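# A look at the structure
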Amino acid sequence: YIPQVEPRVAGTNEQPFALLEGRSLSAGWWRLLGSPEINDVVERALANNHVLQIAREQLANAGEQVKIARSGLFPQIDASSNIARRRYGQSFLGPIAASIPAFSAYSGGGVFSYDVGLFGRTRRDISMAKAAQDVQREGLEAARLNVAAEAVMECLNIASANAQIDILQSVILSDEKNLQLVTQAHDAGVATLTDVTTAQSQLDHDRTLLPDLQQAKDVAYDGLAFLTGTTTARSKLPEFTLAKLTFPRNLPLIWPSEIVRARPDIRAAEAELHAANEAIGIATADMLPKLNLSATVGQQGLVGGPAGVAWSVVGGLSAP
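In this report, we go over the structure that sits alongside the text. (Residues numbered from 1 in each chain as written. Predicted model: local features only at pLDDT ≥ 70, side-chain atom pairs only at ≥ 80, totals over all residues. Heavy atoms only, no water.)

Its location among the elements puts P289 in the loop between α7 (264–286) and β7 (290–302). Separated by 30 residues in the primary sequence, P289 and A319 place their C-alpha atoms 4.1 Å from one another. Other than its neighbours up to four places away in sequence, P289 contacts F119, L317, S318 and A319. (Helix = DSSP H or I, 4+ residues; strand = E, 2+ residues; numbered from the N terminus. Contact = heavy atoms within 4.5 Å.)

The subject of this paragraph is the nonpolar core. If you look at the biggest cluster of nonpolar residues, it comprises 28 residues, and the most contacted ones within it are I38, V42, L46, L224 and F240. Every element with two or more residues in this core is listed here: α1 (36–48), α2 (50–70), α4 (121–187) and α5 (193–227). With 10 residues, the top contributor of residues to this core is α4. Excluding residues within four positions of it along the chain, L46 makes contact with W30, L52, R56, R144, V147 and A148. In this structure, L168, V182, V196 and A199 belong to the second largest nonpolar core, which totals nine residues. (Core = buried A, V, L, I, M, F, W, Y, C linked by side-chain atoms within 4.5 Å. Buried < 20%, exposed > 50% of the residue type's maximum accessible area, 1.4 Å probe, protein only.)

An α-helix turns once per 3.6 residues; consequently, residues spaced three or four apart project the same way. Between its first and last C-alpha atoms α1 spans 18 Å; for 13 residues at 1.5 Å apiece the expected length is 18 Å, and the two agree. Regarding α1, the residues found buried are I38, N39, V41, V42, A45 and L46. Looking at the buried side of α1, the elements it contacts are α2, α4 and α5. (Expected span 1.5 Å × (residues − 1).)

Take the packing of aromatic side chains next. Applying the stated criterion to the full structure yields two aromatic pairs. Judged by centre distance (5.7 Å) and plane angle (80 degrees), the ring pair of W29 and W30 falls under edge-to-face. Judged by its relative accessible area of 22%, W29 falls in the partly exposed class. Taken together, a centroid distance of 5.6 Å and an interplanar angle of 45 degrees make the contact between Y88 and F103 tilted. Here Y88 is found in the loop between β3 (76–86) and α3 (90–93), whereas its partner F103 is found in strand β4 (residues 103–115), with 15 residues between them in sequence. (Phe/Tyr/Trp six-rings, centres within 6.5 Å; stacked < 30°, edge-to-face > 60°.)

Take a look at the structure:
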């Protein structure tokens, strides 16, 4: 039997825990444990965790997609140029083509186009992109909460393992002294060989518990190293003990209805539903006619010859 070590409570030990109804945890909730070591490890995990880095990049990508969608509200400007060697065939201009020699010509200029968006497809694109950005933002917040919680749990596992190892080592020391006393009693003829065997068995049994606790501690350190984005744990992470932890006396209690609003995965699901609704609107708009306006202006001419301004304005209406 290994007794558990209880961490101290903020304030006096006689004061009980209290639940603050309707309160919510602060963003840095782990600071309530009063451990600078845990604070440092959690901050390192939030800054260096690979999963969070991926989530941040995905959120940045979603932000760029919103910018791309918003660009549909404005005319698109492109540049075009070409140069070609040509000869017209009789099927194009008839017999007169025989009198036109082969020639080299070029053209260059700007192309302006604009999708009028008669039925709101562009704005639906923007709204869907924003909803996708909200999904990524809530996903990042969920990952952040998960990483912080896992980091704190690993720290507590290490502290618990350290406390149990300390107690077990004291128990083993007591077993060794007990075996010594029983052996001396046996030599003096006041104890039996069975008593010596029993004391030795108890010592051997308690010693077998130590490797499992040490392994659990090492596993927790490896998990903490992964969370903080490092490859080796023991050389860069501190020791944790229950004696240095302060459990807060007042604990916030969130109403169930508030939990629904507070959970980032539920908020992400709402954003996904919003994006799906916008996708329906986009599909509906694609069933309706589209009006596109385009214009070009530039220079055209023969290579080595004169050039002149050329332009065109086109309006196009297309329907599926």
